[in-house]
Amino acid sequence: MSVPVFEIFKHGIGPSSSHTMGPMVAAARFLDDLRGGAERIPGAGEVASVRVSLHGSLAFTGKGHASDRAVVLGLLGQRPETLDPDAADGLIAGLRESGRLELDALPPLAFDPDTDLLFDYGPALPLHANGMIFRAFDRAGNPFLTTTYYSVGGGFVQTEAELMAAREGAAQPSGAAPPHPFRSAREMLRMGEAAGLSIAAMTRANEAARGVRGLDAKLDALSETMNACIDRGLSLDGVLPGGLKVKRRARAIHAALLAERHNNRPAPHVANEWMSVYAMAVNEENAAGGRIVTAPTNGAAGTVPAVLRYWLDHCDGVTDARRRDFLLTAAAIGGIIKTNASISGAEVGCQGEVGSAAAMAAAGLCAAMGGSNAQVENAAEIALEHHLGMTCDPAGGLVQVPCIERNALGAIKAVSAAALALRGDGTHFMPLDNCIKVMLETGRDMSTKYKETSTGGIAVNLPEC
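Quantities reported herein were computed from a predicted structural model and do not represent experimental measurements.

Conventions we followed
- Residues numbered from 1 in each chain as written.
- Predicted model: local features only at pLDDT ≥ 70, side-chain atom pairs only at ≥ 80, totals over all residues.
- Heavy atoms only, no water.
- Helix = DSSP H or I, 4+ residues; strand = E, 2+ residues; numbered from the N terminus.
- Rg over C-alpha atoms; globule rule 2.2 N^0.38 Å.
- Buried < 20%, exposed > 50% of the residue type's maximum accessible area, 1.4 Å probe, protein only.
- Contact = heavy atoms within 4.5 Å.
- Lys, Arg positive; Asp, Glu negative; His and termini not counted.
- Charge placed at Lys NZ, Arg CZ, Asp CG, Glu CD.
- Pairing = 2+ DSSP bridges.
- Axes fitted to C-alpha atoms, helices over the stretch in contact; angles between N-to-C directions.
- Parallel < 35°, antiparallel > 145°, perpendicular 65-115°, else oblique.
- Phe/Tyr/Trp six-rings, centres within 6.5 Å; stacked < 30°, edge-to-face > 60°.
- Lys NZ or Arg CZ within 6 Å of the ring centre and 35° of its normal.
- Patch = residues over 30% accessible without salt bridge, like charges linked within 9 Å, V, L, I, M, F, W, Y side chains within 5 Å.
- Areas by Shrake-Rupley, 256 points an atom, 1.4 Å probe, with all protein chains shown as cover.
- Salt bridge = Lys/Arg side-chain N within 4 Å of Asp/Glu carboxyl O.
- Core = buried A, V, L, I, M, F, W, Y, C linked by side-chain atoms within 4.5 Å.
- Expected span 1.5 Å × (residues − 1).
- Nonpolar A, V, L, I, M, F, W, Y, C, P; charged D, E, K, R; others polar.

What's the story with the overall build of the chain in this structure? I'm lost.
What the chain contains, in helices and strands, is 18 helices and nine strands. Expected size for 465 residues packed as a compact globule is a radius of gyration near 23 Å; at 22 Å, the chain falls within 12% of this value. Once the C-alpha set of the chain is aligned to its principal axes, its extents read approximately 75 × 55 × 40 Å. Here the chain holds 465 residues, and 54% of them are scored as buried. A fraction of 75% describes how many contacts in the chain between residues 6 or more apart in sequence connect residues 24 or more apart. Where the 41 positive side-chain charges of the chain centre and where its 50 negative ones centre are 1 Å apart.

Right under this line is the structure:
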């Protein structure tokens, strides 16, 4: 079954979809279950306290990704799509002072962020590298409810039972069946040819069947959030939080590009600089905990917006309809990758994040520039193929080094891939489905120290001074 557009693209906050948004979503789900959505452990009295443990990659890089803050904010009733980042510190400070969660439809719950939130550096939980266990107790300390969640990338959260069902193919989609339920690129091309429809048109029809209303307005809101994030990133200076003392660079680079814009002989590679600065602006905002769109993850949130902005500001033939087709096509490719492999850096490395984002952006641009379905599939394959094997090794567990620049290079690769595909007729040697399979196999074979644990690669080879 094809993945809905607004599960691939989500409004959220930085710095990480799997390590920040996911834990916040899990905490909110746990609160809903405490309110009556799940059966309590037999014999338990009234719920009185909560404890949380983070496991695997969530433990090893949780501090750098603000996973602890995300859990606390989620337990305070906050959600990624509506949280005001400027209010977060005040909310957490209030909880530290009171030691109690005061929530609607629940009794006061004891929770001390310093003692009731544990980073467990032992073995990861069995089903995924990003695991967390939420436990509630009654006044006598007896277990009230225990739920294990996995943050599987892109802000998606599944319980242990849901993840097992999904892997066994037993997960049932909600709503009406879409008319073009492609799960692979091969099916996508076959269905498109049979129906005489573009990838964007099939994705639009699938969303309509799911009951999505105001699709164009929602797509426009995604574009607006992406562009607002770029503009904010281009306007700010300073040092990013987290302790690495990484300076924001997008504003200075942008100013230099504007000053040089009317040169009689601009450098031929200046287009790459524009793509890079747009991507860096987004990922600097993400690193600062700003509002972004997962595309398909936070760590890879700059690539798709950068390519879209490059097309909007620097290319001809731009229309609102084509801009929406860009996003619909990109979402279709992201859904295929998520269905058949992973978009989680903790599971398959950065090939699953920036690699997937580059494939999505290449496909979207190719479609927006009039490419056929076969050319779009070719563009996505080229972009993904040349990210295969990319590790996820963030310095200090922060989504800064090398993540910010990786998005810039991902955008450049995406545009190059779309250009190459548009120069051909859509026929090519390696199908996208095969490339996705290779990505999954490579991720499974990759050492865990290169998969978002910050125990290998760039993360442990920084200068000592």
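Would you mind going over the pairing of strand E5 (residues 117-120) with me for this structure?
Sheet faces and side chains relate simply in a regular strand, where the side chains alternate between the two faces. Only one face of E5 is buried: it carries Leu117 and Phe119, and the other face, with Leu118 and Asp120, is open. In this structure, strand E2 (residues 47-56) lies alongside E5, joined through four bridges in parallel fashion. The residue bridging Leu54 from the neighbouring strand is Phe119, located in E5.

So what exactly am I meant to see when it comes to the packing of helix H9 (residues 215-235) against helix H12 (residues 303-314) here?
In contact at an axis separation of 10 Å, H9 and H12 are set at 90° when each is read in the N-to-C sense. Between H9 and H12, the crossing angle belongs to the class labelled roughly perpendicular. In this structure, H9 contributes Ser223, Met226, Asn227, Ile230 and Asp231 to the contact, and H12 contributes Val304, Pro305, Leu308, Arg309 and Leu312.

Is there a simple way to think about the packing of aromatic side chains in this case?
The relative placement of two aromatic rings is captured by the distance of their centres and the angle of their planes. Counted under the stated rule, the structure contains six aromatic pairs. Measuring from centroid to centroid gives 5.5 Å for Phe134 and Tyr149, while their planes differ by 85°, and the two rings are edge-to-face. Here the residue Phe134 occupies a position in strand E6 (residues 130-138), and Tyr149 occupies one in strand E7 (residues 143-153), the gap between them amounting to 15 residues. The exposure classification of Phe134 matches that of Tyr149, with both residues buried. An angle of 25° between the planes, with centres 6.5 Å apart, marks the rings of Trp311 and Phe326 as stacked. Here the residue Trp311 occupies a position in helix H12, and Phe326 occupies one in helix H13 (residues 320-340), the gap between them amounting to 15 residues. Like Trp311, the residue Phe326 is buried in the burial classification. The ring of Phe137 has Arg51 lying over it, and the distance from NZ or CZ to the ring centre is 4.6 Å. Here the guanidinium or amino end of Arg309 rests over the ring plane of Tyr278, the centre of that ring lying 5.3 Å away.

Looking at this structure, I do not really get a nonpolar patch on the surface. What am I missing?
Taken together, the side chains of Leu244, Ile458 and Leu462 present a nonpolar region at the surface, about 200 Å² in accessible area. Relative to the elements of secondary structure, Ile458 occurs in the segment after helix H18 (432-445).

I'm lost on the nonpolar core in this one. Help?
If you look at soluble globular proteins, the nonpolar side chains tend to sit buried side by side. Ranked by internal contacts, the top residues of the largest apolar core, which has 89 residues, are Phe9 and Ile333. Not counting residues up to four positions away in its chain, the partners in contact with Phe9 are Leu222, Met226, Val293, Thr294, Ala295, Val304, Leu327, Ala330, Ala331 and Met360. One finds Ile13, Ala26, Val52 and Leu58 within the second-largest nonpolar core, a separate group that totals 37 residues.

So what exactly am I meant to see when it comes to the pattern of salt bridges here?
Side chains that carry opposite charge are capable of pairing whenever their charged atoms lie near each other. Counted according to the given criterion, the structure contains 21 salt bridges. Asp32 is the partner of Arg35 in a salt bridge, and the nearest nitrogen-oxygen pair spans 3.2 Å. Taken together, the positions of Arg35 and Asp32, both in helix H2 (residues 17-37) and three residues apart, correspond to about one turn of that helix. With relative accessibility at 34%, the residue Arg35 sits in the partly exposed group. A relative accessible area of 34% means that Asp32 is categorised as partly exposed. A salt bridge links Arg406 to Asp393, with the nearest nitrogen and oxygen atoms 3.2 Å apart. In this pair, Arg406 is assigned in helix H17 (residues 403-422) and Asp393 in the loop between helix H16 (373-385) and H17, connecting sequence segments 13 residues apart. Arg406 sits in the buried class, given a relative accessible area of 16%. One connected set of salt bridges, linked through shared partners, spans Arg204, Asp216, Asp220, Asp320, Arg323 and Arg324.

So what exactly am I meant to see when it comes to helix H11 (residues 270-287) here?
One turn of the α-helix equals 3.6 residues, which is why residues spaced by three or four share an orientation. Look at H11: 25 Å from first C-alpha to last across 18 residues, which is about the 26 Å you get at 1.5 Å a residue. Where burial is concerned, most of H11 is hidden: 14 out of the 18 residues are buried. Of the residues flanking the end of H11, it is Gly289, one or two places downstream, whose phi is positive at about 80°.

Help me out: how do you make sense of the packing of H9 against helix H10 (residues 250-259) in this one?
Two numbers describe a pair of packed helices, the interaxial angle and the distance between the axes. Where H9 contacts H10, the two axes come as close as 6 Å, and the packing angle between them is 90°. The angle between the axes of H9 and H10 places the two elements in the roughly perpendicular class. Contacts between H9 and H10 involve Gly233, Leu234 and Ser235 from the first element and Ala250, Arg251 and His254 from the second. Considered class by class, the residues forming the contact of H9 with H10 number two nonpolar, three polar and one charged.

Would you explain the environment of Pro23 in this entry?
On the secondary structure map, Pro23 appears in helix H2. Considered as a pair, Pro23 and Gly131 are 108 residues apart in the sequence and their alpha carbons are 9.2 Å apart. Filtering out sequence-adjacent residues up to four positions away, Pro23 remains in contact with Ser18, Leu58, Ser67, Ala70, Val71, Met132, Phe134 and Ser151.

When you look at the side chain of Glu452 in this model, what are you seeing that I'm missing?
Checked against the element boundaries, Glu452 lands in the segment after H18. Of the side chains with opposite charge, Arg406 comes closest to the buried, unpaired Glu452, at an N-O distance of 9.8 Å. Not counting the four nearest positions on each side in its chain, Glu452 is found in contact with Ser16, Ser18, His19, Ser57, Thr61, His65, Gly345, Ala346, Glu353, Cys392 and Pro394.

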